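Residues per chain are reported as follows:
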Amino acid sequence: MAWELLLWLLAFAAVIALIGLSAYQLICLSDLEFDYINPYDSSSRINAVVIPEFLVQGILCILFLLTWHWFPFLIMAPITYYHIKLYMKGKHLIDVTEIFRLLNGEKKYRVIKLAFYCSFFIVVIYRQLQEVNRLKGALLPLKLSSGVG
């Protein structure tokens, strides 16, 4: 019974981490665009957080699959597949020499991912509150039968 709540609390923390990582990558690209940092620093900062982002997102997707939460799994599955495809082709890291040519495309990609993670954050919050209400409703008859009010 409390395992469901634990799952949604873990998903809450994971989605906040994904939002933070995507926002950080977007900030690095914006700093590069406005010439606040050089291409090497920007690409090394972004490349340092790409693999952790992929891992958190993949583990969250697998966790939803193993706990039979089909709706969140089906929402996360396409982006997980895309991340796996990028990793297998070796195109998950940003190249220092190509970063200015790919800057607009990379920013659009990060903005779309950030919007996706924010939308999924709303789903996670809703399911978390739904689980809390379900647990509170299950505990209410125990309180009433014991005479403690």
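Numbering of residues starts from 1 in every chain and runs along the sequence as written. In keeping with the predicted nature of the model, local features appear solely for residues at pLDDT of at least 70, side-chain atom pairs appear and are counted solely at 80 or more, and the whole-chain, interface and lining totals rest on all residues. Only hydrogens and water are removed before side-chain values are computed, so all heavy atoms of the structure are retained for them.

Would you mind showing me how to read the UniProt feature "transmembrane region" (unreviewed entry) in the protein here?
When the UniProt feature table is mapped onto this chain numbering, "transmembrane region" (unreviewed entry) sits at residues 54-82 and 111-129. Strands are runs of DSSP state E lasting at least 2 residues, helices are runs of H or I lasting at least 4, and numbering of each runs from the N terminus. Along residues 54-82, the helical share is 90% and the strand share 0%, with 10 Å between the first and last C-alpha atoms. Between the end C-alpha atoms of residues 111-129 there is a gap of 27 Å, over a span that is 100% helix and 0% strand. UniProt positions are given in the numbering used here, feature names are shortened, and annotations may be inferred rather than shown by experiment.

Please clarify how the nonpolar core should be interpreted in this entry.
Considering soluble globular proteins, one finds that nonpolar side chains tend to be buried as a cluster. Counting 18 residues, the largest nonpolar core has Leu60, Phe64 and Phe120 as its most contacted members. For this core, the elements supplying multiple residues, two or more each, are helix 1 (2-33), helix 2 (39-66), helix 3 (70-89) and helix 4 (103-146). Of all the elements, helix 1 adds the most residues to this core, at 8 residues. Residue contacts for Phe64: discarding those within four places in its chain leaves Leu7, Trp8, Ala11, His69, Pro72, Phe73, Met76 and Phe120. Put simply, a nonpolar core is a bunch of buried Ala, Val, Leu, Ile, Met, Phe, Trp, Tyr and Cys residues held in one set by side-chain atoms that sit within 4.5 Å of each other. Relative accessibility under 20% of the residue-type maximum defines a buried residue, over 50% an exposed one, and the middle range a partly exposed one, all with a 1.4 Å probe and only protein chains included. Counting residues in each nonpolar core, the second largest holds 11 residues, with Leu32, Val50, Leu86 and Ile94 among its members. Here a residue-residue contact requires only that any non-hydrogen atoms of the pair lie within 4.5 Å.

Looking at this structure, how should I read the packing of aromatic side chains?
For any pair of aromatic rings, the description rests on two quantities: the centre-to-centre distance and the angle between the ring planes. Only the six-membered ring of Trp is used, alongside the rings of Phe and Tyr, when aromatic pairs are assigned; centres must lie within 6.5 Å, and planes under 30 degrees apart are stacked while those over 60 apart are edge-to-face, with the rest tilted. Taken as a whole and assessed by the stated rule, the structure comprises 9 aromatic pairs. For the ring pair Trp70 and Phe73, a centre distance of 6.2 Å and an interplane angle of 80 degrees mean the geometry is edge-to-face. On the criterion of helical spacing, the pair formed by Trp70 and Phe73 is a turn pair, its members being 3 residues apart in helix 3. Phe73 gets classed as buried once you look at its relative accessible area, which sits at 17%.

I would appreciate a short explanation of unusual backbone geometry in the present structure.
Leaving glycine aside, a negative phi is the common case for residues, and trans is the common case for peptide bonds. The backbone phi angle of Asp35 is positive, close to 65 degrees, even though this residue is not glycine. Along the chain, Asp35 falls in the loop between helix 1 and helix 2. The exposure class of Asp35 is exposed, given its relative accessible area of 62%.

Can you walk me through helix 3 in this structure?
Every α-helical turn comprises 3.6 residues, leaving residues that sit three or four positions apart pointing alike. Helix length check: helix 3 (20 residues) gives 28 Å between terminal C-alpha atoms against 28 Å at 1.5 Å per residue, within 8%. Where helix 3 bends most, the angle comes to about 35 degrees, and this point is Ala77, followed within four residues by the proline Pro78. Burial in helix 3 covers these residues: Pro72, Phe73, Met76, Ile79, Thr80, His83 and Leu86. In the stretch just after helix 3, Gly90 is the one whose phi turns positive, near 80 degrees. Multiplying one less than the number of residues by 1.5 Å gives the expected span of a helix. In this scheme, the bend at a residue equals the angle between the axes fitted to the seven residues that finish there and the seven that begin there.

Help me out: how do you make sense of the pattern of salt bridges in this one?
Side-chain pairing between opposite charges can occur once the charged atoms of the two side chains come close. Any carboxyl oxygen of Asp or Glu that lies within 4 Å of a side-chain nitrogen of Lys or Arg is treated as forming a salt bridge with it. Under the defined criterion, the tally for this structure stands at 5 salt bridges. With its nearest N and O atoms 2.8 Å apart, the salt bridge here joins Glu53 to Lys113. Linking Glu53 in helix 2 with Lys113 in helix 4, this pair joins segments that are 60 residues apart in sequence. Lys113 matches Glu53 in its accessibility class, with the two residues each being buried. The residue Glu106 makes a salt bridge to Arg110 at a minimum N-O spacing of 2.1 Å.

Could you clarify how one ought to interpret the packing of helix 2 against helix 3 in this entry?
In a packed pair of helices, the relevant descriptors are the angle between the two axes and the axis-to-axis distance. Two numbers describe how helix 2 lies on helix 3: the axes approach to 9 Å, and their chain directions differ by 145 degrees. Helix 3 is crossed by helix 2, and the crossing has left-handed handedness. In this structure, helix 2 contributes Ile51, Glu53, Phe54, Gln57, Gly58, Leu60, Cys61, Phe64 and Leu65 to the contact, and helix 3 contributes Trp70, Pro72, Phe73, Met76, Ala77, Ile79, Thr80, His83, Leu86 and Tyr87. Gly is put with the polar residues, along with every residue not named as nonpolar or charged; the nonpolar set is Ala, Val, Leu, Ile, Met, Phe, Trp, Tyr, Cys and Pro, and the charged set is Asp, Glu, Lys and Arg. When grouped by side-chain class, the residues that make up the contact of helix 2 with helix 3 number 14 nonpolar, 4 polar and 1 charged. Here an angle of 0 to 180 degrees is reported between the N-to-C directions of two axes, which are lines fitted to C-alpha atoms, with helices fitted over the stretch in contact. Working rule for handedness: look at the near helix, and if it is turned counterclockwise from the far one by less than a right angle, call the crossing left-handed; if clockwise, right-handed.

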